Amino acid sequence: MLKRVQVRQFLAVVDTGSFTAAARQLHVTQPTLSSGIAELEKIVGSRLFERERRAIRLTEAGNRLLGPARAIEREFRNAEALVNAAPTPLPPLRLGVLTSLPSRLVAAIAATGSAGRPLALTEASDGELRHRLADHRLDAALTLLRTGEAGECLIDEGYAMILGEDHPLAHRDRLAPEELAGETMIARRSCEILAQTSRFFTARGVRPRFVLRSTGEDRCLALVAAGAGVTTGPISLVGRGTVAVPLDGYDFRRRIGLVTGHGAQGHDHWSSLRQDLAALCAKLTI
């Protein structure tokens, strides 16, 4: 099979009139060049050069190859020019999203993108997102803002009981924990305050039966909407078929913001992304 390097070697010898000069032009050794020409001659089945004492000249076969060789090299150069002229695709912005963020927000983020740059989203817990930031596997994460941590808060919301809209308690202004003693519960395994919630109910003598323990937020909420049980969660999770009712003494809150990895601060695309996220978060009913 004819290779481009062999075509270039052939043309270099023709244009410089010397194996030595051609090797120097191509930045290869003369034995390497001679070997390449020998391989080319083997492919075409004929000698291409007559080597004389002070010069070389093309054989009849070499003259026949010269026109096609120049055409081949010209097409290669045209192709390279087209490739080099094409814009280099921008790498995606690697954004982590907290597992417990509402699906409608994550979907809006994915659909919006950021300032012409594609997004590559990774869903995980706060701890895993921060681990990936530290390992430079993420550029930024929309996650929990910890106490004293710098960063613009995009979501500041409380937690409540989430019930199906047809539940007998759905239209109450507030609930007492004791009223839930006979309820069937759904445990959201992705909840950031799962341990605190368990202690909250245990301290008040409420030990409900659980119908499902799952990390799938949409599945948990689908069961709530279907009337299969109730759950606790940040009120931004409330969607079609569910309502949030405050629970006495259950005064937890969470703050969500954009945490950037090392080197991402100050870049224009992150400033644009932060503005986009702020606008999307502001549309949440919280």
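Rules used in this analysis
Residues numbered from 1 in each chain as written. Predicted model: local features only at pLDDT ≥ 70, side-chain atom pairs only at ≥ 80, totals over all residues. Heavy atoms only, no water. 1 Å grid on protein atoms, 1.4 Å probe; cavity = no way out; pocket = protein on both sides within 12 Å on 5 of 7 lines; lining within 4 Å. Points joined across faces, edges and corners; volume = space filled by probe spheres on them. Helix = DSSP H or I, 4+ residues; strand = E, 2+ residues; numbered from the N terminus. Nonpolar A, V, L, I, M, F, W, Y, C, P; charged D, E, K, R; others polar. Axes fitted to C-alpha atoms, helices over the stretch in contact; angles between N-to-C directions. Parallel < 35°, antiparallel > 145°, perpendicular 65-115°, else oblique. Left-handed = near helix turned anticlockwise from the far one by under 90°. Contact = heavy atoms within 4.5 Å. Core = buried A, V, L, I, M, F, W, Y, C linked by side-chain atoms within 4.5 Å. Buried < 20%, exposed > 50% of the residue type's maximum accessible area, 1.4 Å probe, protein only. Arc of directions from axis to C-beta.

1. Structural notes on the layout of surface pockets
The calculated volume of the largest pocket comes to roughly 290 Å³. Taken together, 18 residues make up the lining of the largest pocket; nearest its centre are Ala187, Leu194, Thr197, Ser198 and Phe210. Only β7 (184-188), α7 (194-203), β8 (209-214) and β9 (231-234) provide two or more residues apiece to the lining of the largest pocket. Ranked by residues supplied to the lining of the largest pocket, first place goes to α7 with five residues. For the lining of the largest pocket, the class distribution of residues is nine nonpolar, five polar and four charged.

2. Comments concerning the packing of helix α1 (residues 4-16) against helix α4 (residues 60-85)
Between α1 and α4, whose axes approach to 9 Å, the crossing angle comes to 120°. As far as their axial angle goes, α4 and α1 are oblique. Read as a crossing pair, α1 and α4 show a hand that is left-handed. Residue-level contacts link Arg4, Val7, Arg8, Phe10, Leu11, Val14 and Asp15 of α1 to Gly62, Leu65, Leu66, Ala69, Arg70, Ile72, Glu73, Phe76, Arg77 and Glu80 of α4. For the contact of α1 with α4, the residue count by class is nine nonpolar, one polar and seven charged.

3. Thoughts on the nonpolar core
Grouped together as the largest cluster of nonpolar side chains are 27 residues, with contacts concentrated most on Leu95, Leu101, Leu105, Ile109, Leu142, Ile256 and Leu277. Taken together, the elements giving at least two residues each to this core come down to β3 (93-98), α5 (103-112), β4 (119-124), α6 (126-134), β5 (140-144), β6 (153-164), β11 (253-260) and α9 (268-282). Every residue in contact with Leu95, bar those within four places of it in the chain, is listed here: Ile109, Leu119, Ala120, Leu121, Thr122, Leu138, Ala140, Ala141, Leu142, Leu258 and Leu273. Counting 18 residues, the second-largest nonpolar core is a separate cluster that includes Phe10, Ala23, Leu40 and Phe49.

4. As for helix α8 (residues 217-225)
Here α8 has its buried residues at Glu217, Cys220, Leu221 and Val224. Buried residues in α8, looked at end-on, bunch into an arc of 90°, giving them a common side. Trailing α8 by a residue or two, Gly227 shows a phi angle of about 85°, which is positive.

5. Observations regarding the packing of helix α2 (residues 19-26) against helix α3 (residues 30-44)
Where α2 contacts α3, the axes come no closer than 9 Å and their chain directions differ by 105°. The pairing of α2 with α3 is recorded here as roughly perpendicular in orientation. Counting all contacts with α2, which are made through Phe19, Thr20, Ala22, Ala23 and Leu26, the residues of α3 involved are Gln30, Leu33, Ser34 and Ile37. Of the residues in the contact of α2 with α3, the class split is six nonpolar, three polar and no charged.

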